[in-house]
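Fold and contact review
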Amino acid sequence: MSLFYVIQGTDVPDSLDRRLSTRPAHLARLQALRDEGRLLLAGPFPAIDSADPGPAGFSGSLIVAAFESLDDARAWADADPYVAAGVYAGVTVKPFKRVF
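Residues numbered from 1 in each chain as written. Predicted model: local features only at pLDDT ≥ 70, side-chain atom pairs only at ≥ 80, totals over all residues. Heavy atoms only, no water.

**Regarding the layout of surface pockets**
What the largest pocket holds in volume is close to 220 Å³. Among the secondary structure elements, those contributing two or more residues to the lining of the largest pocket are helix H1 (16-35), strand S2 (39-46) and strand S3 (58-67). Top contributing element to the lining of the largest pocket by residue count: H1, with six residues. Across the lining of the largest pocket, the residue classes tally to nine nonpolar, three polar and two charged. (1 Å grid on protein atoms, 1.4 Å probe; cavity = no way out; pocket = protein on both sides within 12 Å on 5 of 7 lines; lining within 4 Å. Points joined across faces, edges and corners; volume = space filled by probe spheres on them. Helix = DSSP H or I, 4+ residues; strand = E, 2+ residues; numbered from the N terminus. Nonpolar A, V, L, I, M, F, W, Y, C, P; charged D, E, K, R; others polar.)

Put into structure tokens, the structure is as follows:
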């Protein structure tokens, strides 16, 4: 039985160029989760109060998706292209209980 998990990445300073160059690979993994019916939501945190933060970039990302276990969610998060490219300073993975 799959459960939901929150994956929250926190960006390093000045991550925008790395984010943009790695974004297609990052989105392809999210698309695969969506196609499997496992993705609840995903998106970045703008660094400023704007839908399009421009050169200010982003401060991190949030993904909520279904996995078989916390270990599976962590393994998926560890394999994210943003991790390999050094976009994230750190990633937190936690169980999530959907109520609404």
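**A closer look at the packing of aromatic side chains**
Tallying each qualifying case throughout the model produces three aromatic pairs. Pairing Phe-67 with Trp-76 gives two aromatic rings, centres 5.8 Å apart and planes at 50 degrees, and the pair type is tilted. Note on Trp-76: relative accessible area 13%, which makes it buried. Taken together, the aromatic side chains of Tyr-5, Phe-67 and Trp-76 make up a single cluster linked through ring pairs. A cation sits over an aromatic face here: Arg-29 above Trp-76, 4.0 Å from the ring centre. (Phe/Tyr/Trp six-rings, centres within 6.5 Å; stacked < 30°, edge-to-face > 60°. Buried < 20%, exposed > 50% of the residue type's maximum accessible area, 1.4 Å probe, protein only. Lys NZ or Arg CZ within 6 Å of the ring centre and 35° of its normal.)

**Here we look at the side chain of Ser-15**
Its place among the elements puts Ser-15 in the loop between strand S1 (3-11) and H1. Assessed through its relative accessible area of 3%, Ser-15 is described here as buried. A polar contact of 2.6 Å, which involves the side chain of Ser-15, links it to the side chain of Asp-11. Setting aside chain neighbours within four positions, we find Ser-15 in contact with Phe-58 and Val-87. (Polar contact = N/O pair within 3.5 Å; in protein donor to acceptor, adjacent residues only side chain to side chain. Contact = heavy atoms within 4.5 Å.)

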